[in-house]
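Structure assessment
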Amino acid sequence: MSELEQNKTTNDAGTTPGIFCSLLIDKGYKASPLKNSKDGTEIIQVQPENLVDVATLLKMHKEAQFILLYSITGVDYPDKFELIYHLQSVKLNKKLILKSHIDKNNPEIDSLAQVFATANWHERETYDLLGIKFNNHPDLSRILLPNDWKGHPLRKDYVMDDERLVWNER
Amino acid sequence: MQTQTPNQKMTINVGPQHPSTHGVLRLIMTLNGEIIEDTQPVIGYLHRGMEKIAESRTYHQYLPMVDRIDYLSSFFNLASFCYAVESIADIQVPKRAEYIRVITMEFNRIASHLMWLASFLLDLGATSPLFYAFREREEIVKLLEDLTGARMMYNFYSFGGVKKEFPSGWVRRALELCKKMPKYFDEYEAIVTKNPIILNRTKGVGILTPEMGLDYGITGPNIRASGIELDLRKTDPYSVYNDFDFKVCTAENGDSYDRYIVRIAEMRESVKIIEQAIAKLPGGSPSKLQVKQLNCGCNKDECCVCGTNTKLIGKKVNPIVFKPPAGEAISLIESPRGITTCYIMSDGTTKPYRVKWRTPSFSSVQVLPELIKGRMFADLMPIFGSLDVVLPEVDR
């Protein structure tokens with residue numbers, strides 16, 4: 001923890017970024033700390049273009065080792081899409097949440113499938129239900145809904161009167 | 001085999017109605033003779049849109065739906081949802097209710113593992129363990145039925161506690177069952193653990209290395225069989241798991257046989273947890289089962305959440321609609337299949353803005369093609385069965 005602890009002491013004066021946020025800032029990434037969750041998990045907002053680098057850094061960092069990605073959540077806000085990545089370090093027994101905001105009209109973000117194998121299906125699910133495009137994804141296709149489904153149900157503007165909701169022989 | 005040309009590759013379709021898939025999973029397999037070369041799982045046949053449904057229902061209306069995500073371990077889904085909502089609304093669950101939750105959850109874990117054991121061995125062609133496993137599962141289900149009124153979809157927890165007190169005599173019967181249970185487990189082990197057929201079919205089959213497991217987000221008994229001590233009850237204790245003395249069961253090789261060993265050991269640990277929980281069960285009246293008034297911790301006078309009487313929520317006479325403050329929370333629960341998380345985003349209205357379920361079986365299906373690549377087709381079921389996949393949980 002030596003390197004991480006050192007970072008914490010140097011950055012405590014400002015907006016109190018946590019140890020992992022200061023680690024990212026030190027490496028030159030644009031990361032801003034958000035309010036910690038209620039159980040004390042650090043939440044960091046990262047720029048979409050830095051996401052793959054940040055995830056790689058956190059995974060490969062020899063002390064942090066965030067090697068487990070629980071889930072990828074997409075949230076549809078009126079003005080933006082938010083992607084939330086839940087990471088866990090088995091070694092440190094710490095959780096970390098990364099958030100990234102992307103443009104509503106052109107929802108695209110780089111895929112983490114090359115960093116975490118589990119991201120492959122989670123991103124497909126997010127694409128399927130929210131219509132967020134993941135660049136460089138090996139196989140970005142629908143996973144839960146049929147291939148000929150129209151629209152992305154978890155978007156707030158999705159209309160539920162689709163004729164497909166009526167059972168038909170497929 | 002070596003003389004075959006690529007033209008002789010065969011694509012076959014396993015499922016969606018295959019009897020061993022415990023639900024509807026379709027696998028598109030490319031075989032070279034009997035060797036599996038490539039597998040593409042097709043999921044989504046049981047997709048019910050749990051996350052979308054949540055957005056059109058109030059929190060209490062959504063509560064019974066949660067059971068259906070994984071029907072073999074409904075208490076864990078309920079707990080996951082309740083802990084997330086309680087975290088948003090800052091509800092402190094009474095101690096007795098927490099203990100009741102732990103007792104019911106651990107019973108549910110045993111029942112779920114027994115169901116897995118029965119179906120896993122059935123997949124391997126052994127019919128008789130099914131009857132042994134269902135004998136005890138029936139006793140557990142009976143206990144839970146007496147407590148909750150349902151055999152599978154319990155709908156027993158509510159925000160801030162549990163719905164009912166133990167009926168009279170329940171605790172005594174639970175203790176009696178706990179006494180009997182280890183002997184039952186000895187019986188299975190006598191049948192299965194050293195059985196040469198089981199050993200031949202499962203030892204060294206479907207080896208999941210720790211690196212691959214973590215990369216694919218595998219959790220629960222599957223990753224513990226690979227030697228990683230990742231058990232949220234120990235590493236990140238929720239509820240009152242801190243009060244109990246139990247050990248995290250791990251194995252070393254990560255093959256199908258080790259996953260069996262870990263689950264059997266886990267059932268024994270669960271029995272120990274139940275016994276300790278019953279011994280330590282705080283006394284109390286029905287008023288200690290649920291919080292009486294909500295308090296979101298805002299310290300404002302005009303807050304619509306603080307001071308809400310929970311007894312009136314959702315009742316027919318003078319109903320109050322539960323309205324947690326705006327915020328977000330995630331709850332992580334160690335369910336029988338791994339880590340179940342429920343992520344809730346509330347915008348301060350009566351309905352959740354977004355609910356996201358992360359279910360462990362989803363990752364287990366994803367890793368399946370890697371595990372069976374290059375194996376014989378006959379190894380499909382020993383591997384897939386040992387992962388303990390429940391399909392409704394995959395599709396949600």
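All values derive from a computational prediction rather than experimental measurement.

**Side note on the overall build of chain B**
- Check the secondary structure of chain B and you find 14 helices and eight strands.
- Here chain B holds 396 residues, and 49% of them are scored as buried.
- In chain B, 68% of the contacts between residues at least 6 apart in sequence involve partners at least 24 apart.

**Overview of the sheet that holds strand 3 (residues 68-76) of chain A**
All names here are of chain A.
- On the basis of which strands lie adjacent, the open sheet formed by five strands has the order 1-2-5-4-3 and mixed pairing. The sheet terminates laterally at strand 1 (31-34) and strand 3, the two strands that pair on one side only. Geometrically, the sheet is characterised by an average inter-axis angle of 25 degrees between neighbouring strands, direction not taken into account.
- Pairing geometry for strand 3 and strand 4 (residues 80-89), over eight bridges, is antiparallel. If you follow S71 over to strand 4, its bridge partner there is H86.
- Contacts between helix 2 (residues 19-26) and the sheet are confined to strand 1, strand 2 (42-46) and strand 5 (94-103), with strand 2 contributing the most and set at about 25 degrees to the helix.

**Points about the sheet that holds strand 1 (residues 10-14) of chain B**
All names here are of chain B.
- With antiparallel pairing, three strands are arranged side by side in an open sheet as 1-2-3. Across the chains shown, the open sheet's two edge strands, defined by having one partner strand only, are strand 1 and strand 3 (35-42). Geometrically, the sheet is characterised by an average inter-axis angle of 20 degrees between neighbouring strands, direction not taken into account.
- Bridge count for strand 2 (residues 26-32) against strand 3 is seven bridges, and the pairing is antiparallel. Note on strand 3: the bridge partner recorded for I28 is Q40.

**Let's talk about the interface of chain B and chain A**
- Each side of the interface is counted separately: chain B has 28 residues, and chain A has 20 residues.
- Of all the secondary structure elements, the ones that give two or more residues to the side of chain B that touches chain A are helix 1 (50-55), helix 8 (210-215), strand 6 (327-335), strand 7 (338-346), strand 8 (352-358) and helix 12 (360-372) of chain B.
- For the side of chain B that touches chain A, a count of residues per class yields eleven nonpolar, nine polar and eight charged.

**Some remarks on helix 3 (residues 74-89) of chain B**
- Along its 16 residues, helix 3 of chain B runs 23 Å from first to last C-alpha, staying within 8% of the 22 Å computed at 1.5 Å per residue.
- With respect to burial, helix 3 of chain B is a largely interior element, 16 of its 16 residues being buried.

**Description of the pairing of strand 4 of chain A**
All names here are of chain A.
- The buried fraction of strand 4 is high, at seven of ten residues.
- Between strand 3 and strand 4, which pair antiparallel and follow one another directly, the connecting turn spans three residues.
- Pairing of strand 4 with strand 5 involves ten bridges; the strand directions are antiparallel. Residue pairing for strand 5: S89 is matched across the bridge by K94.
- Here strand 4 folds back onto strand 5, and the loop between the two strands holds four residues, one of which, N93, carries a positive phi near 55 degrees.

**Digging into the packing of helix 5 (residues 128-148) of chain B against helix 6 (residues 170-192) of chain B**
Residue and element names in this part refer to chain B.
- At their nearest, the axes of helix 5 and helix 6 sit 10 Å apart, and the two run at 165 degrees to each other. Taken together, the axes of helix 5 and helix 6 lie roughly antiparallel to each other. In this structure, the crossing between helix 5 and helix 6 has a hand that is left-handed. When helix 5 is examined against helix 6, the residues P129, Y132, E136, E139, L143, D146 and L147 are found in contact with a partner set consisting of W170, R173, A174, L177, M181, Y184, E187, Y188, I191 and V192.
- Class assignment of the residues belonging to the contact of helix 5 with helix 6 gives a composition of twelve nonpolar, no polar and five charged.

**Notes on the domain arrangement of chain B**
All names here are of chain B.
- Domain boundaries assigned for chain B yield domain 1 (6-42) and domain 2 (51-296 + 303-395).
- With twelve residues of domain 1 at the contact, the number on the domain 2 side is 17 residues.
- Per-element accounting of the side of domain 1 that touches domain 2 gives the leading share, four residues, to strand 3.
- A breakdown of the residues in the side of domain 1 that touches domain 2 according to their chemical character gives six nonpolar, five polar and one charged.

**Structural notes on the nonpolar core**
All names here are of chain B.
- In terms of nonpolar packing, the biggest core is built from 144 residues, with L78, A79, A84, V85 and I344 touching the most fellow members.
- Here this core takes 16 residues from helix 4 (residues 95-123), the largest share from any one element.
- Looking at this core, you find at least three residues from each of domain 1 (6-42) and domain 2 (51-296 + 303-395).
- Ignoring sequence-local partners within four residues, the contact set of L78 consists of V66, D67, Y154, F156 and Y157.
- By size, the runner-up hydrophobic cluster in this structure holds five residues, among which are Y257, Y260, I261 and V262.

**A look at unusual backbone geometry**
All names here are of chain B.
- One non-glycine residue, S239, lies in the positive phi region at around 55 degrees.
- Along the chain, the position of S239 falls in the loop between helix 10 (232-235) and helix 11 (256-280).
- What makes S239 partly exposed here is the crowd of 17 C-beta atoms within 10 Å.
- Phi is positive for R396, close to 55 degrees, though the residue is something other than glycine.

The rules behind the values
- Residues numbered from 1 in each chain as written.
- Chains lettered and ligands numbered in written order.
- Predicted model: local features only at pLDDT ≥ 70, side-chain atom pairs only at ≥ 80, totals over all residues.
- Helix = DSSP H or I, 4+ residues; strand = E, 2+ residues; numbered from the N terminus.
- Buried ≥ 20, exposed ≤ 12 C-beta atoms within 10 Å, placed from the backbone.
- Contact = placed C-beta atoms within 7 Å.
- Pairing = 2+ DSSP bridges.
- Axes fitted to C-alpha atoms, helices over the stretch in contact; angles between N-to-C directions.
- Nonpolar A, V, L, I, M, F, W, Y, C, P; charged D, E, K, R; others polar.
- Expected span 1.5 Å × (residues − 1).
- Parallel < 35°, antiparallel > 145°, perpendicular 65-115°, else oblique.
- Left-handed = near helix turned anticlockwise from the far one by under 90°.
- Domains from an automatic or database assignment.
- Core = buried A, V, L, I, M, F, W, Y, C linked by C-beta atoms within 7 Å.

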